[in-house]
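Take a look at the letters that make up each chain.
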Amino acid sequence: MNHLEKIANKIFEVNRVTFSDDELLVEGTEHNRALYLTVKCENSVVTQTLVDNGPSVNICPLSTLSKLKIEDERIHMNNICVRAFDGGGKDSIGDIVLELTIGPVEFTMEFQVLDIVVSYNLQLGRPWIHAAKAIPSILH
């Protein structure tokens, strides 16, 4: 191993994040729970924020905007149809830019607003995951 490889290995060792089996949920590797976060959005706390690496958009249900008391005028109308994993589609009401705080980090993110009934309040898809440079892990 040459000098540069040794330096690179030391950098990777310092910046490595690891998990151990004792950090697993009670169900261990058998659980199938989704990854939810609690975030701050527009000065309100939003629970049940789903992190999902499948969608190529961030999604905000219309009901969440209503709960946050965000005016409909902030929604920019568009002609986007959001496709679900089953191939079905739902026309977007429009898009909206929301300010999020997740941990110590602030994000300005665009969401597609959909009039849908879902189990989450916000869905963070690949746009947020890439902006955060995150690797979501539902195992831990």
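This is a predicted model, so every value here is computed, not measured. (Residues numbered from 1 in each chain as written. Predicted model: local features only at pLDDT ≥ 70, side-chain atom pairs only at ≥ 80, totals over all residues. Heavy atoms only, no water.)

**Q** Please provide a residue-by-residue account of the state of the cysteines, values included.
**A** Under the defined criterion, the tally for this structure stands at zero disulfides. The thiol sulfur of C60 is not disulfide-bonded, and the nearest other cysteine sulfur, from C41, lies at 6.8 Å. (Disulfide = S-S within 2.5 Å.)

**Q** Would you mind going over the pattern of salt bridges in detail, with residue names and values included?
**A** Across all of its chains, the model carries one salt bridge by this definition. A salt bridge links R74 to E42, with the shortest nitrogen-to-oxygen separation between them at 3.0 Å. Taken together, the residues span a long stretch of sequence, with R74 in the loop between helix 2 (62-67) and strand 4 (81-83) and E42 in the loop between strand 1 (35-41) and strand 2 (44-51) at a distance of 32 residues. Judged by its relative accessible area of 27%, R74 is partly exposed. Judged by its relative accessible area of 24%, E42 is partly exposed. (Salt bridge = Lys/Arg side-chain N within 4 Å of Asp/Glu carboxyl O. Helix = DSSP H or I, 4+ residues; strand = E, 2+ residues; numbered from the N terminus. Buried < 20%, exposed > 50% of the residue type's maximum accessible area, 1.4 Å probe, protein only.)

**Q** Outline the side chain of T49, listing residues and values.
**A** With respect to the secondary-structure elements, T49 resides in strand 2. In terms of polar contacts, T49 uses its side chain to reach the backbone carbonyl oxygen of V46, at 3.4 Å. Apart from the residues lying within four places of it in its own chain, the contact partners of T49 are L35, Y36, L37, V39, L122 and L124. (Polar contact = N/O pair within 3.5 Å; in protein donor to acceptor, adjacent residues only side chain to side chain. Contact = heavy atoms within 4.5 Å.)

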